[in-house]
Amino acid sequence: MVLDIQRALKNPGEKFGLFINGRMESFEFAGDTYEFIVPLELKGGYSCIADTCIIKAMLRAEVGTLCARCLSKVEMQMDILFSEEFVREADSENPERRVYAGESIDLDSAIIENVILSLPIRVLCKQDCKGLCAKCGSNLNEGKCGCRKPHMAV
Ligand SMILES: [Zn+2]
Ligand SMILES: [Zn+2]
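First, a word on what this report is: a plain description of the structure on this page. (Residues numbered from 1 in each chain as written. Chains lettered and ligands numbered in written order. Predicted model: local features only at pLDDT ≥ 70, side-chain atom pairs only at ≥ 80, totals over all residues.)

**Let's talk about the overall build of the protein chain**
Worth spelling out the cut-off: The helix count covers DSSP runs of H or I at least four residues long, the strand count covers runs of E at least two residues long, and both are numbered beginning at the N terminus. Only C-alpha atoms enter the radius of gyration, while the globule expectation follows 2.2 Å times N to the 0.38, with N the number of residues. Think of it as a crowd count around each C-beta: if 20 or more other C-beta atoms lie within 10 Å the residue is buried, if 12 or fewer it is exposed, and in between it is partly exposed, with C-beta placed from the backbone throughout.
For the protein chain, the count of helices and strands is two helices and nine strands. Written out in order from the N terminus, the α and β elements of the protein chain read β-α-β-β-β-β-β-β-β-β-α. Scaling as 2.2 N^0.38, a compact globule of 154 residues should have a C-alpha radius of gyration of about 15 Å, whereas the protein chain reaches 22 Å, well beyond that. Here the C-alpha coordinates of the protein chain stretch approximately 75 × 30 × 20 Å along the principal axes. Here the protein chain holds 154 residues, and the buried ones make up 14% of them.

Here it is in C-alpha cells:
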C-alpha cells in the first residue's frame, strides 16, 4: 500500500487525514505462512516536517494461518496501533530508519513488521486444541482415534 505525501511535503507541519485500504500478498514468518483474508485498512493521520513524515493510524487486518497443533485454519482479526516515522531516503544515514523516496511512502514492509509484532507466540485454533494423533494423524478435536494409548511405564 502506498501513501501519496505530495500535499503534506508542500505544507510542512499540517496534519492530513489518512484512509487507505488495499490487498497485500501473504508473507512467511518463522516457517509459517500468513495471508490477508480481506483488504487491509489504515485509518488515521500524518504530517511531514523537514522531510520527516510521521504516520499515526489504526491498522486493521484479518490474518489467516494454520493452527500450530492441528493445522486447521485460523483467522485472526487484528487492530494495531500503527505509529511510524519515515525519512527521505537521501537524508538517511541510519539504516534502522524507515525511508521513503520521492513523494510517496511504500508502507508494505512497515505494515508487515507491525503485524508480525502483534502475532501471538503460538497460533492455536482454541486454547485447549488437542492437536493431531502422533500415530495416525487424525484430528483429536473431532473425537478419539482408534490408536491404543501407549503402555504406561511401571
Ligand atoms: Zn488446533
Ligand atoms: Zn491415532
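**Focus on unusual backbone geometry**
With phi around 50°, A30 is a residue other than glycine that occupies positive phi space. Within the secondary structure, A30 is located in the loop between β3 (27-29) and β4 (32-36). One non-glycine residue, D51, lies in the positive phi region at around 70°. Summarising the element assignment, D51 is placed in the loop between β5 (40-49) and β6 (52-66).

**Things to note about the nonpolar core**
Quick reminder of the rule: Note on terminology: a nonpolar core is any set of buried Ala, Val, Leu, Ile, Met, Phe, Trp, Tyr and Cys residues joined through C-beta atoms within 7 Å. The contact criterion used is a C-beta to C-beta distance within 7 Å, with each C-beta placed from the backbone.
The biggest cluster of nonpolar side chains holds 21 residues, and the ones touching the most others in it are I5, C53, L59 and I105. When contributions to this core are tallied by element, the ones reaching two or more residues are β5, β6, β7 (73-88) and α2 (108-118). Ranked by residue count, the leading element in this core is β6, at six residues. Not counting residues within four places of it along the chain, the set of residues in contact with L59 comprises L40, L42, I80, F82, I111 and N114.

**Brief notes about the pairing of β7**
Along any regular strand the residues' side chains alternate between the sheet's two faces. What counts, and what does not: Paired strands, as defined in this entry, are two strands with at least two bridges between them according to DSSP.
Bridge analysis of β6 against β7 gives 15 bridges, and the strand direction is antiparallel. Each bridged residue has a counterpart across the sheet, and for T52 the counterpart in β7 is V87. Linking β6 back to β7 in an antiparallel pair, the connection comprises six residues, with L71 at a positive phi of about 65°. Here β7 runs beside strand β8 (residues 98-100); their pairing, made up of three bridges, is parallel. Residue pairing for β8: R88 is matched across the bridge by Y100.

**What to know about the environment of T33**
Locating T33 in the fold gives a position in strand β4. Residue classification places T33 among the exposed positions, given that 11 C-beta atoms sit within 10 Å. As a C-alpha pair, T33 and G64 span 31 residues in sequence and 8.4 Å in three-dimensional space. Beyond its immediate chain neighbours, meaning those up to four positions away, T33 contacts S26, E28 and T65.

**A few points about the environment of E84**
Within the secondary structure, E84 sits in strand β7. Given 18 C-beta atoms within 10 Å, E84 falls into the partly exposed group. Residues E84 and C67 lie 17 residues apart in sequence; the distance between their C-alpha atoms is 30 Å.

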